[in-house]
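The lines below spell out each chain.
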Amino acid sequence: MTVLETTELYRFFHAGDDEVVALGGVSLTLDPGEFTALRGPSGSGKSTLLACLSGIDEPDGGTVSILGERMTRRPESYRARLRARHFGMLMQSGNLFGHLTVRANIHLQMQISGSDRPGEIDGLLGSLGLDGLADMLPAHLSGGEAARAGLAVALAANPSILLCDEPTAEVDAATEERVIDRLVDICRRGTAVLVVTHSGALAARADRVIDIRDGRIVHD
Ligand SMILES: Nc1ncnc2c1ncn2[C@@H]1O[C@H](COP(=O)(O)OP(=O)(O)OP(=O)(O)O)[C@@H](O)[C@H]1O
């Protein structure tokens, strides 16, 4: 079964008299175990698309369905429930609570998603090159470490779909390979993974590369 399906997604923003078409009719499906890279220049609509796919933002037109259940045009509380149940997310704004350690952030996500496995936290961090950082507060991490800690939180949900915005920004090549290995690993266990990236190394390992320009898919 398709994990996520969108039909003709539109999203408009207004600044004074000007209208920006952030999404201009995006239709796509993501299947279990599929590793998809999403590429596009700055301002092409990548973050807007992730926000609409996850129900954080509501598109102005079109539908999003997760495992056959429509998410669009539902109350925010309904969308939030679907998001908690099915999605792992690493957004640009970050997804770590600043007053909790990395370990507590991951543990909280496990509890929210109903699979409390605290014994797996150190292994998860190790697989992302974050050994020894479990008891740090997010403010004490570098940008790249914070992004990977955010990815650990997203992975801890054991999600049906994982959405990541630039998970390998600010990391060296060896660490990037570890992160990509971890993404491939969760895909092989059935998660649909969609990653916004500018990384050639990541796109080369993806099953599928989607290019977006001016809010439209120009290559899939
Ligand atoms: N809240 C908003 N209000 C007004 N315009 C917005 C808003 N969010 C996005 N936009 C506009 O919509 C377009 C798409 O933005 P979006 O952030 O989705 O692009 P992006 O591809 O993620 O860019 P980047 O790679 O720089 O993060 C841009 O023209 C942006 O200025």
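Model, not experiment: these values are computed from the prediction.

Caption draft 1: Region of interest: the site of the ligand. Inspection of the region around the ligand gives Phe13, Val20, Ala22, Pro41, Ser42, Gly43, Ser44, Gly45, Lys46, Ser47, Thr48 and Gln92 as its neighbouring residues. In the environment of the ligand, an oxygen atom lies 2.6 Å from a nitrogen or oxygen atom belonging to the side chain of Ser42. When the free accessible area of the ligand is taken as 640 Å², the share hidden by the protein chains comes to 60%. Only β2 (18–30) and α1 (46–53) provide two or more residues apiece to the shell around the ligand. Residue contributions to the shell around the ligand peak at three residues, all from α1. Here the shell around the ligand is composed, by residue class, of four nonpolar, seven polar and one charged.

Caption draft 2: Spotlight on the packing of helix α5 (residues 143–156) against helix α6 (residues 173–188). Here α5 crosses α6 at 10 degrees, and the two axes come no closer than 12 Å. As judged from the angle between their axes, α5 and α6 are roughly parallel. Each of Arg148, Leu151 and Leu155 in α5 lies in contact with α6, whose residues at this interface are Thr175, Val179, Arg182, Leu183 and Ile186. Tallied by class, the residues present in the contact of α5 with α6 amount to five nonpolar, one polar and two charged.

Caption draft 3: Inspection of the UniProt feature "domain: ABC transporter" (unreviewed entry) in the chain at higher detail. UniProt records the feature "domain: ABC transporter" (unreviewed entry) at residues 4–220, using the numbering of this structure. In residues 4–220, the share of helix is 34% and the share of strand is 29%. The end C-alpha atoms are 16 Å apart.

Caption draft 4: Structural view of the pattern of salt bridges. Throughout the structure, instances matching the rule amount to 16 salt bridges. Here Arg205 makes a salt bridge to Glu177, at a shortest N to O gap of 2.8 Å. Residue Arg205 is located in helix α7 (residues 200–205), and its partner Glu177 is located in helix α6; the two are separated by 28 residues in the primary sequence. Its relative accessible area of 30% is what places Arg205 among the partly exposed residues. The partly exposed category is assigned to Glu177, whose relative accessible area is 33%. With a closest N to O distance of 2.8 Å, Asp181 and Arg205 form a salt bridge. In this pair, Asp181 sits in helix α6 while Arg205 sits in helix α7, placing the two residues 24 residues apart along the sequence.

Caption draft 5: Structural view of the nonpolar core. Counting 35 residues, the largest nonpolar core has Phe35, Ile106, Leu125, Leu151, Leu162, Leu183 and Val193 as the members making the most contacts within it. Those elements that provide at least two residues to this core are β3 (35–39), α3 (102–112), α4 (121–127), α5, β7 (161–165), α6, β8 (192–196) and α7. Counting residues per element, this core draws most heavily on α5, at seven residues. Filtering out sequence-adjacent residues up to four positions away, Ile106 remains in contact with Ile121, Leu124, Leu125, Ala152, Val153 and Ala156.

Caption draft 6: Inspection of the sheet that holds strand β9 (residues 208–213) at higher detail. An order of β6-β7-β8-β3-β9-β10 is seen for the six strands of this open sheet, with the pairing classed as mixed. With one partner strand each, in any of the chains shown, β6 (87–90) and β10 (216–219) form the two edges of the open sheet. For this sheet, the mean angle separating the axes of adjacent strands, direction not counted, is 25 degrees. Across four bridges, β3 lies against β8 in parallel orientation.

Caption draft 7: Region of interest: α5. Relative to the 20 Å expected for 14 residues at 1.5 Å per residue, α5 spans 20 Å between its end C-alpha atoms, a close match to the ideal helical length. Of all the 14 residues making up α5, 11 are buried; the element is thus mostly covered by neighbouring parts of the structure. Of all the residues in α5, the buried ones are Gly144, Ala147, Arg148, Ala149, Gly150, Leu151, Ala152, Val153, Ala154, Leu155 and Ala156. Turning to α5, the residues buried within the fold contact β6, α3, α4, β7 and α6.

Reading the values: the criteria
- Residues numbered from 1 in each chain as written.
- Predicted model: local features only at pLDDT ≥ 70, side-chain atom pairs only at ≥ 80, totals over all residues.
- Heavy atoms only, no water.
- Near = heavy atom within 4 Å.
- Polar contact = N/O pair within 3.5 Å; in protein donor to acceptor, adjacent residues only side chain to side chain.
- Areas by Shrake-Rupley, 256 points an atom, 1.4 Å probe, with all protein chains shown as cover.
- Helix = DSSP H or I, 4+ residues; strand = E, 2+ residues; numbered from the N terminus.
- Nonpolar A, V, L, I, M, F, W, Y, C, P; charged D, E, K, R; others polar.
- Axes fitted to C-alpha atoms, helices over the stretch in contact; angles between N-to-C directions.
- Parallel < 35°, antiparallel > 145°, perpendicular 65-115°, else oblique.
- Contact = heavy atoms within 4.5 Å.
- UniProt positions renumbered as here; feature names shortened; annotations may be inferred.
- Salt bridge = Lys/Arg side-chain N within 4 Å of Asp/Glu carboxyl O.
- Buried < 20%, exposed > 50% of the residue type's maximum accessible area, 1.4 Å probe, protein only.
- Core = buried A, V, L, I, M, F, W, Y, C linked by side-chain atoms within 4.5 Å.
- Pairing = 2+ DSSP bridges.
- Expected span 1.5 Å × (residues − 1).

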